[in-house]
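As a plain string of letters, each chain reads:
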Amino acid sequence: MPEPAEKLIKILREARTIAIVGLSTDKTKDSFRAAEYLKSKGYRVFGVSPNPKLRSVWPDSYASLRDIPEPVDIADLFLRPEAVESAVDDAIAKRAKIVWMQLGIRHDAAKAEKAGLIVVMDTCIMASHKFLMRESV
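Residues numbered from 1 in each chain as written. Predicted model: local features only at pLDDT ≥ 70, side-chain atom pairs only at ≥ 80, totals over all residues. Heavy atoms only, no water.

Trainee: Would you take a moment to explain the overall build of the protein for this structure?
Mentor: Scanning the protein from N- to C-terminus turns up six helices and six strands. N-terminal to C-terminal, the α/β element order of the protein is α-β-α-β-α-β-β-α-β-α-β-α. Taken over the C-alpha trace, the protein has a radius of gyration of 14 Å; the compact-globule value for 137 residues is 14 Å, and the two agree within 12%. In terms of overall dimensions, the protein has a C-alpha envelope of 35 × 35 × 25 Å along the principal axes. (Helix = DSSP H or I, 4+ residues; strand = E, 2+ residues; numbered from the N terminus. Rg over C-alpha atoms; globule rule 2.2 N^0.38 Å.)

Encoded structure:
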């Protein structure tokens, strides 16, 4: 079931910082395109990947969500299903406000919600922003 539009609009309006967890060094990949788009819309965007080459294409990048030296509003997950549990733990430890899982990513939300995080699953943040903020896709 899709997330309610009102919930997503509120998140997108109130958030200022977004960590793209699983940001690719490949500029043609969805994660990189989403990061560039969100940055162009005024968000502070951090890249998160253990790949040391990421820093050469995205200077504001870190090996782990926990390493980001600033608060994070949204932890946007571009990960394989088996990596989601660990990323949710990192988002909780980081005290992120929202865990946003990209298209095709679903996970039991109970742990994150119990920790006070808002959970969005199986939803593209870039497409949601374009549609809900009244921009053409």
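Trainee: When you look at unusual backbone geometry in this model, what are you seeing that I'm missing?
Mentor: Comment: phi is negative for the bulk of residues other than glycine, and the bulk of peptide bonds are trans. For R95, which is not glycine, the phi torsion reads 65° and is therefore positive. Judged by relative accessible area, R95 falls into the exposed class, the value being 71%. Its identity as a non-glycine residue notwithstanding, D122 has a phi of 55°, on the positive side. In this structure, D122 sits in the loop between strand 6 (118–120) and helix 6 (125–132). (Buried < 20%, exposed > 50% of the residue type's maximum accessible area, 1.4 Å probe, protein only.)

Trainee: How should I be thinking about the packing of aromatic side chains in this particular structure?
Mentor: Geometrically, a pair of aromatic rings is defined through the distance of the ring centres and the angle of the planes. Counted according to the given criterion, the structure contains two aromatic pairs. Taken together, a centroid distance of 5.4 Å and an interplanar angle of 85° make the contact between F32 and W58 edge-to-face. With a gap of 26 residues between them, F32 in helix 2 (residues 30–40) and W58 in the loop between helix 3 (54–57) and strand 3 (61–62) connect regions that are remote in the sequence. As far as burial versus exposure is concerned, F32 and W58 are alike and both buried. One Lys or Arg, K39, reaches over the ring of W58 and ends 5.2 Å from the middle of that ring. (Phe/Tyr/Trp six-rings, centres within 6.5 Å; stacked < 30°, edge-to-face > 60°. Lys NZ or Arg CZ within 6 Å of the ring centre and 35° of its normal.)

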